[in-house]
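# Analysis of the macromolecular model
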Amino acid sequence: MFNTIGVIGLGVMGSNIALNMASKGERVAVYNYTRDLTDRLVQKLDGQSVNPYYELQDFVQSLETPRKIFLMVTAGKPVDSVIHSLIPLLEKGDVIMDGGNSHYNETEQRYDQLKEKGIGYLGIGISGGEVGALKGPSIMPGGDQDVYEKAAPILTKIAAQVGDDPCCVYIGPKGSGHFVKMVHNGIEYADMQLIAEAYTFLRDTLRLPLNEIADIFEEWNQGELKSYLIEITAEILRKKDERTDAPLIDVILDKAGQKGTGKWTSMQAIDNGIPSSIITESLFARYLSALKDERVAAEQILSGPETEKKHFDKNLWIDYVRQALYMGKVCAYAQGFAQYKMTSELYGYDLPLKDIALIFRGGCIIRAEFLNIISEAFQEQPDLPNLLIAPYFSEKLKAYQTGLRKVVCEGINAGISFPCLSTALSYYDGYRTGRSNANILQAQRDYFGAHTYERTDMDGFFHTEWS
């Protein structure tokens, strides 16, 4: 009996995807370039229909046609290497799916290469980490729709389920699936940094003990801030170090890593004139965190503001922080979805924004309660330019801006770095300003470079001899 799907790349994510497929009734062929990972997966099997192969040709020949092969290998040259090895073994109509974090431009190049040979290619964004891969991730497939339909019965089965809805939907052509995953990760960067800044205010300004901060995050996770990242933050704050019994958070070095997708999101936004400032600041915050030795040295040289001990109405200020965090998150998601919309129009992706919000509700890292509201906003107004002006969110932000303004001002006065909360406020104020100071910038450009300017009272472009 032939296998229904094959998985190449048996690291943690690939192994878990294979086990997920098998648990949903698929007969899964597996192959890894090195034998050790295949053997390790075999040792974990407990009756699942996962069949190992040690030669690529045997692996391919074991698959029913049209063959469906799921790649879970490191992005970049390893993907190209595997595809190069597969091409002589495949036939027209077969399908290769890349479930790694490939750059969407590389996905588009591979799509074109394989389409010429009659082989279908799907760039598939996968979010949810190793647990999601095993139990159900959010899945973002891009490529030709007829190719997607060949794999859809399997993809929708292995995806996370919210009610009766699988967290998998056809995203659009060519590299759009990996593009959506890339921006998802940018939103994730911003969301995480905003939470970190809220935690900092609660601990350093309100001087609350860790267990109380954990209680606050748990309480927030019961309301409109309900999300995976809020939930795990509460758990993180409660975790004790097994060696010292101190809070584990206090012995973790304050250097944040990143794998590149946040950077790609910012670069794509910059290249196309899209104001994804909160996402970009969250990336820069990680870069600054990496300068640990420099920061430690600078702490002995550079002074902050002189502060006096203040009395805060604790419950009032905790609610201000909640409002600030909610508003910051809305602004970050608004930037991410604006990047989806503007890029969709630029590249002709025709991204289904309301559906993208829905598939983020389960399995993925940024799953949050208000994704339902985001989906409804695009359902009611498909051409909505920005989530900030959706009626639900505009009313929320009107009510919550006080909290964000107070927290940002108090934090800055205390010398706390608030890259994302302050940028969220600047973005909100900038977006709601009908007449900005950009006329000064354009006048300067015309003065020193004769770049011309437009006028408010007539059409056309003009230049002034300023001196």
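Each value, and the rule that gives it
- Residues numbered from 1 in each chain as written.
- Predicted model: local features only at pLDDT ≥ 70, side-chain atom pairs only at ≥ 80, totals over all residues.
- Heavy atoms only, no water.
- UniProt positions renumbered as here; feature names shortened; annotations may be inferred.
- Helix = DSSP H or I, 4+ residues; strand = E, 2+ residues; numbered from the N terminus.
- Patch = residues over 30% accessible without salt bridge, like charges linked within 9 Å, V, L, I, M, F, W, Y side chains within 5 Å.
- Areas by Shrake-Rupley, 256 points an atom, 1.4 Å probe, with all protein chains shown as cover.
- Salt bridge = Lys/Arg side-chain N within 4 Å of Asp/Glu carboxyl O.
- Buried < 20%, exposed > 50% of the residue type's maximum accessible area, 1.4 Å probe, protein only.
- Contact = heavy atoms within 4.5 Å.
- Phe/Tyr/Trp six-rings, centres within 6.5 Å; stacked < 30°, edge-to-face > 60°.
- Lys NZ or Arg CZ within 6 Å of the ring centre and 35° of its normal.
- Pairing = 2+ DSSP bridges.
- Right-handed = clockwise from strand over helix to strand, strands pointing away.
- Axes fitted to C-alpha atoms, helices over the stretch in contact; angles between N-to-C directions.
- Parallel < 35°, antiparallel > 145°, perpendicular 65-115°, else oblique.
- Left-handed = near helix turned anticlockwise from the far one by under 90°.
- Nonpolar A, V, L, I, M, F, W, Y, C, P; charged D, E, K, R; others polar.

A few words now on the UniProt feature "domain: 6-phosphogluconate dehydrogenase C-terminal" (unreviewed entry) in the protein chain. On the UniProt side, "domain: 6-phosphogluconate dehydrogenase C-terminal" (unreviewed entry) is annotated at positions that read residues 177–467 here. Regarding residues 177–467, the helix share stands at 63% and the strand share at 1%, and the terminal C-alpha atoms are separated by 52 Å.

On the surface, Tyr-447, Phe-448 and Trp-466 cluster together into a nonpolar patch covering about 400 Å² of accessible area. Following the sequence through the fold, Phe-448 ends up in helix α19 (residues 438–449). Among the residues examined, Phe-448 registers a relative accessible area of 63% and is labelled exposed.

Looking now at the environment of Arg-445. Mapped onto the elements of the fold, Arg-445 is located in helix α19. Assessed through its relative accessible area of 35%, Arg-445 is described here as partly exposed. Contacts of Arg-445, omitting those with residues within four sequence positions, involve Ala-450 and His-451.

This next bit is on the packing of aromatic side chains. Counted by the stated rule, this structure contains 24 aromatic pairs. When the ring of Tyr-326 is compared with that of Phe-370, the centres are 5.8 Å apart and the planes differ by 70 degrees; the resulting orientation is edge-to-face. Of this pair, Tyr-326 sits in helix α14 (residues 314–347) while Phe-370 sits in the loop between α15 (353–359) and α16 (371–380), placing them 44 residues apart in sequence. Phe-370 matches Tyr-326 in its accessibility class, with the two residues each being buried. Relative to Tyr-340, the ring of Phe-337 has its centre 5.3 Å away and its plane inclined at 90 degrees; by these criteria the two rings are edge-to-face. Here Phe-337 pairs with Tyr-340, and both are found in helix α14, just 3 residues apart, close to one helical turn. Of the two residues, Phe-337 and Tyr-340, both sit in the buried class. Every member of this aromatic cluster is reached through a ring pair, and the members are Tyr-104, Phe-179, Phe-337, Tyr-340, Tyr-347, Tyr-349 and Phe-378. A cation over an aromatic ring shows up here: Arg-286 above the ring of Tyr-189, its NZ or CZ 3.7 Å from the ring centre. We note Arg-455 situated over the ring of Phe-462; from NZ or CZ to the ring centre the distance is 5.8 Å.

This next bit is on the pairing of strand β1 (residues 5–8). The alternating pattern of β1 places Ile-5 and Val-7 on one face and Gly-6 and Ile-8 on the opposite face, and all of these are buried. As defined by bridge partners, β1 adjoins strand β2 (residues 28–31) across 4 bridges and the pair is classed as parallel. Bridge assignment links Val-7 to a residue of β2, and that residue is Val-30. With helix α1 (residues 12–23) bridging β1 and its parallel neighbour β2, the resulting β-α-β unit is right-handed. Bridging between β1 and strand β4 (residues 68–71) involves 3 bridges; their strand directions are parallel.

Between helix α8 (residues 176–205) and helix α12 (residues 277–289), whose axes approach to 8 Å, the crossing angle comes to 65 degrees. The pairing of α8 with α12 is recorded here as roughly perpendicular in orientation. When the axes of α8 and α12 are compared, the crossing they make is left-handed. For the pair α8 and α12, the contacting residues are Gly-186, Ile-187, Tyr-189, Ala-190, Met-192 and Gln-193 in the first and Ile-278, Ile-279, Ser-282, Leu-283, Ala-285 and Arg-286 in the second. Counted by class, the contact of α8 with α12 contains 8 nonpolar, 3 polar and 1 charged residues.

In space, the 7 strands of this open sheet follow the order β3-β2-β1-β4-β5-β6-β7, with mixed pairing throughout. Two strands lie at the open edges of the sheet, namely β3 (50–52) and β7 (138–142), each paired on one side alone. For this sheet, the mean inter-axis angle between neighbouring strands, taken without regard to orientation, is 25 degrees. The strands touched by helix α7 (residues 145–158) within the sheet are β1, β4, β5 (95–98), β6 (120–127) and β7, with β6 carrying the most contacts at an inclination of about 25 degrees.

In most cases, non-glycine residues show a negative phi, while peptide bonds are predominantly trans. Looking along the chain, the bond that leaves Thr-65 and enters Pro-66 is cis, with omega of -5 degrees. Of note, Pro-66 is situated in the loop between α3 (56–61) and β4. Its identity is not glycine, yet Arg-207 carries a phi of approximately 55 degrees, on the positive side. Along the polypeptide, Arg-207 turns up in the loop between α8 and α9 (210–220). Among the residues examined, Arg-207 registers a relative accessible area of 63% and is labelled exposed. For Ala-450, which is not a glycine, the phi torsion comes out positive at approximately 50 degrees. Residue placement: Ala-450 occurs in the loop between α19 and β10 (453–454).

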